Amino acid sequence: RFLNECGVAAEKSLKNTLEAISKTEESLANINEWDWSNGLSKCHSQTVVKTARSRAMLKAFLNGLDPPKDLATNRTENNKNEKAKEGKSLQLQPD
């Protein structure tokens, strides 16, 4: 709808945004490759993870796709569920 209402300017903006997302993904891959080649572990900082999720969701939205399933879920909720499962399996059984 937005593209239909705003025409060529919107098409150009969409193209530029998708190109910028692609460049940031490429940049992150290059950073991770450099880290690995220098014996460092891959960056897992909260900011990097959140921006990667945001980019993936924005990219899906701009392309008219559903967000990636693993990114659309609330990871905090998933972690809580996993910890609850672990706690149940560790409970002592009566003799």
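Since the model is a prediction, treat every value here as computed from it, not as a measurement.

1. Overview of the overall build of the chain
Next up, step 1: Helices and strands together make up the secondary structure of the chain, namely four helices and zero strands.
Next up, step 2: When the helices and strands of the chain are listed from N to C terminus, the series reads α-α-α-α.
Next up, step 3: Across the 95 residues that make up the chain, the buried fraction comes to 9%.
Next up, step 4: Here the contacts in the chain between residues at least 6 apart in sequence split such that 41% fall between residues at least 24 apart.
Next up, step 5: When the accessible surface of the chain is summed, it comes to about 8200 Å², and 56% of that surface belongs to carbon and sulfur atoms.

2. Some remarks on the pattern of salt bridges
For side chains bearing opposite charge, pairing can occur when the charged atoms are close.
Next up, step 1: For the structure on display, the rule yields two salt bridges.
Next up, step 2: The salt bridge involving Glu19 is made with Lys15; its shortest N-O contact spans 3.7 Å. With Glu19 and Lys15 both in helix α1 (residues 2-37) and four residues apart, the pair spans about one turn of that helix.

3. Concerning the confidence of the model for the chain
Next up, step 1: For the chain, per-residue confidence averages 75 on the pLDDT scale, and residues scoring 70 or more make up 66% of the total.
Next up, step 2: Per-residue pLDDT, averaged within each element of the chain, yields its smallest value for helix α4 (residues 75-89) (55) and its largest for α1 (86).

4. Topic: the environment of Ser13
Next up, step 1: Along the chain, Ser13 falls in helix α1.
Next up, step 2: Of the residues examined, Ser13 reaches a relative accessible area of 39% and is grouped as partly exposed.

What counts as what
- Residues numbered from 1 in each chain as written.
- Predicted model: local features only at pLDDT ≥ 70, side-chain atom pairs only at ≥ 80, totals over all residues.
- Heavy atoms only, no water.
- Helix = DSSP H or I, 4+ residues; strand = E, 2+ residues; numbered from the N terminus.
- Buried < 20%, exposed > 50% of the residue type's maximum accessible area, 1.4 Å probe, protein only.
- Contact = heavy atoms within 4.5 Å.
- Areas by Shrake-Rupley, 256 points an atom, 1.4 Å probe, with all protein chains shown as cover.
- Salt bridge = Lys/Arg side-chain N within 4 Å of Asp/Glu carboxyl O.
- pLDDT = per-residue confidence, 0-100.

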